[in-house]
Each structure stands twice: as structure tokens, then as C-alpha cells.
Amino acid sequence: MTIDLDEARRPRGTKHDPEALTPAQRQLGRHLVDVHDGYRQEMRQVRDALDQVAAGALDAAALRSMINRLTMRQNYWTLGAFCATFCRLVTVHHTIEDEAMFPAILKRDDSLEPVIEKLKEEHEVIAALLTRLDEACVELVAGDTGLDRVRAEAERLSAVLLSHFAYEEEELVEPIGRLDVRI
């Protein structure tokens, strides 16, 4: 599998006026943005943790409230656990979309099928990138790779996630509200 979103191939759905939605409908779509905002923040935390590990000190308040300062080896372990948790959470989020949200949307508006299929395809790309990040973190903890590989994988994942989230929001926030999709 290629690790590419092929953004030029992204289909676009028919646009409807989001101002025609009620406040409650707009809130349904806004929930997707709120969830994505949480992942955007967590991705920033991954990048911050990388910077802290590179500096040889990890601010415990940012990631572990009970630990003030860790040795380099412990920093790697903590970063690895943090990355693994983040990877798992993104995977769960995409599973919920694939198994519940996307079918609910398609049941109400099958014209969005090309968009949904592309989003599912992008979920596979992201899954591969999450695996690569997790593998790099495991290798870092084991001492088999350096921080540069973890940083490269995290930056690639970050760029892809941000692009994917923006596309998904552009194409689905309004339909989620208009179609009364509740997940």
C-alpha cells in the first residue's frame, strides 16, 4: 500500500447552504470538528513529547502528572506508551466512522458514496502510518532506532491527519447536520 492520500483524486459532494441548518443541526456537524480538534491537540502533544525527549527532559505535567523528570530511557518508554495510546484512539475513531457514521450518512444520502469511499481509503493510509509510528516508537524504546525516525513518522502522520480531517469536515459537517446523523 502506498502511504499517500492522493488528494487530487478526492471527490466532492454537492454543497448545500449550511446557514439553512438549525442550530441543533449545526451542532451535530460541529461534533465531528470537536472530535477532530481533540486529535489535532493530541498530535501536537506527540510532537511536543518528541521535542522534550530530544532535549532529554520530559515535562511530567504535560504527559504524566506524577513524574517530574525522567531519564532518557524512561522518556523513550513514556513517549512509546503515549504514541501507542494515540494510535489506538485514532484507530477506534476511524472504526466508529467506518462502521456507524458512514453507513448512517449513506442510508440517508447515497450521493455521498464517492466521498465516503475516499474517506475509507484514507483511513487505510492513516492506519498504515499509525503502524509505522508505533513501530518506530517500539524500536526507539528497544534502542534499535533513533529519535529522527520517530519524528519523521510523527510529522508524516500529522500532515496526513490534518489534510484528512480538513477534507472530511469540508465534505461531511453540513451533511451530518442536514441528514440528522447522530453518532
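Residues numbered from 1 in each chain as written. Predicted model: local features only at pLDDT ≥ 70, side-chain atom pairs only at ≥ 80, totals over all residues. Heavy atoms only, no water.

**Section: the packing of helix 4 (residues 113–142) against helix 5 (residues 147–178)**
At a minimum axis separation of 9 Å, helix 4 and helix 5 run at an interaxial angle of 160 degrees. Between helix 4 and helix 5, the angle falls in the class roughly antiparallel. In the crossing of helix 4 with helix 5, the sense of the turn from one axis to the other is left-handed. In terms of residue class, the contact of helix 4 with helix 5 is made up of 19 nonpolar, two polar and ten charged. (Axes fitted to C-alpha atoms, helices over the stretch in contact; angles between N-to-C directions. Helix = DSSP H or I, 4+ residues; strand = E, 2+ residues; numbered from the N terminus. Parallel < 35°, antiparallel > 145°, perpendicular 65-115°, else oblique. Left-handed = near helix turned anticlockwise from the far one by under 90°. Nonpolar A, V, L, I, M, F, W, Y, C, P; charged D, E, K, R; others polar.)

**Concerning the packing of helix 1 (residues 23–55) against helix 5**
In the contact formed by helix 1 and helix 5, the axes pass within 9 Å of each other and the chain directions differ by 175 degrees. When the axes of helix 1 and helix 5 are compared, the pair comes out roughly antiparallel.

**Details of the packing of aromatic side chains**
Ring pairs (aromatic) are described by centroid distance and by the angle formed between their planes. The final tally for this structure, using the stated rule, is one aromatic pair. Both rings, one in tyrosine 39 and one in phenylalanine 165, keep their centres 6.4 Å apart while their planes meet at 40 degrees; by these two values the pair is tilted. Here phenylalanine 165 lies in helix 5 and tyrosine 39 lies in helix 1, a separation of 126 residues in the sequence. Accessibility assignment for this pair places tyrosine 39 and phenylalanine 165 in one class, buried. (Phe/Tyr/Trp six-rings, centres within 6.5 Å; stacked < 30°, edge-to-face > 60°. Buried < 20%, exposed > 50% of the residue type's maximum accessible area, 1.4 Å probe, protein only.)

**Focus on the pattern of salt bridges**
One pass over the full model with this rule turns up 21 salt bridges. A salt bridge links lysine 118 to glutamate 121; its shortest N-O distance comes to 3.1 Å. On the criterion of helical spacing, the pair formed by lysine 118 and glutamate 121 is a turn pair, its members being three residues apart in helix 4. Where arginine 178 meets glutamate 174, a salt bridge forms, and the shortest distance between an N and an O atom there is 2.8 Å. Pair noted here: arginine 178 and glutamate 174 are both in helix 5, with a separation of four residues, about one helical turn. Among the charged side chains, a salt-bridge network with shared partners connects Asp6, Arg9, Arg10, Lys118, Glu121 and Glu122. (Salt bridge = Lys/Arg side-chain N within 4 Å of Asp/Glu carboxyl O.)

**A few points about the nonpolar core**
Phe86, Val150, Leu157 and Leu161 are the most contacted members of the largest nonpolar core, which totals 26 residues. When contributions to this core are tallied by element, the ones reaching two or more residues are helix 1, helix 3 (72–108), helix 4 and helix 5. The greatest single-element share of this core, amounting to nine residues, is contributed by helix 4. Discounting residues that sit within four places of it in the chain, leucine 161 has contacts with Met43, Phe86, Val90 and Ile126. If you look at the next biggest cluster of nonpolar residues, it comprises 15 residues, including Leu28, Ala104, Leu112 and Leu179. (Core = buried A, V, L, I, M, F, W, Y, C linked by side-chain atoms within 4.5 Å. Contact = heavy atoms within 4.5 Å.)

**Some details on unusual backbone geometry**
For aspartate 6, which is not glycine, the phi dihedral falls at a positive 50 degrees. Tracing the backbone through its elements, the reader meets aspartate 6 in the segment before helix 1. A residue is classified by how much of its surface remains accessible, and aspartate 6, at 29% relative accessible area, is partly exposed. Unusually for a residue other than glycine, aspartate 180 sits at a positive phi of about 60 degrees. Its place among the elements puts aspartate 180 in the segment after helix 5. Aspartate 180 sits in the partly exposed class, given a relative accessible area of 34%.

**Regarding the side chain of serine 163**
The topology assignment puts serine 163 in helix 5. Take serine 163: its relative accessible area is 17%, and that puts it in the buried class. Filtering out sequence-adjacent residues up to four positions away, serine 163 remains in contact with Leu5, Glu7 and Arg10.

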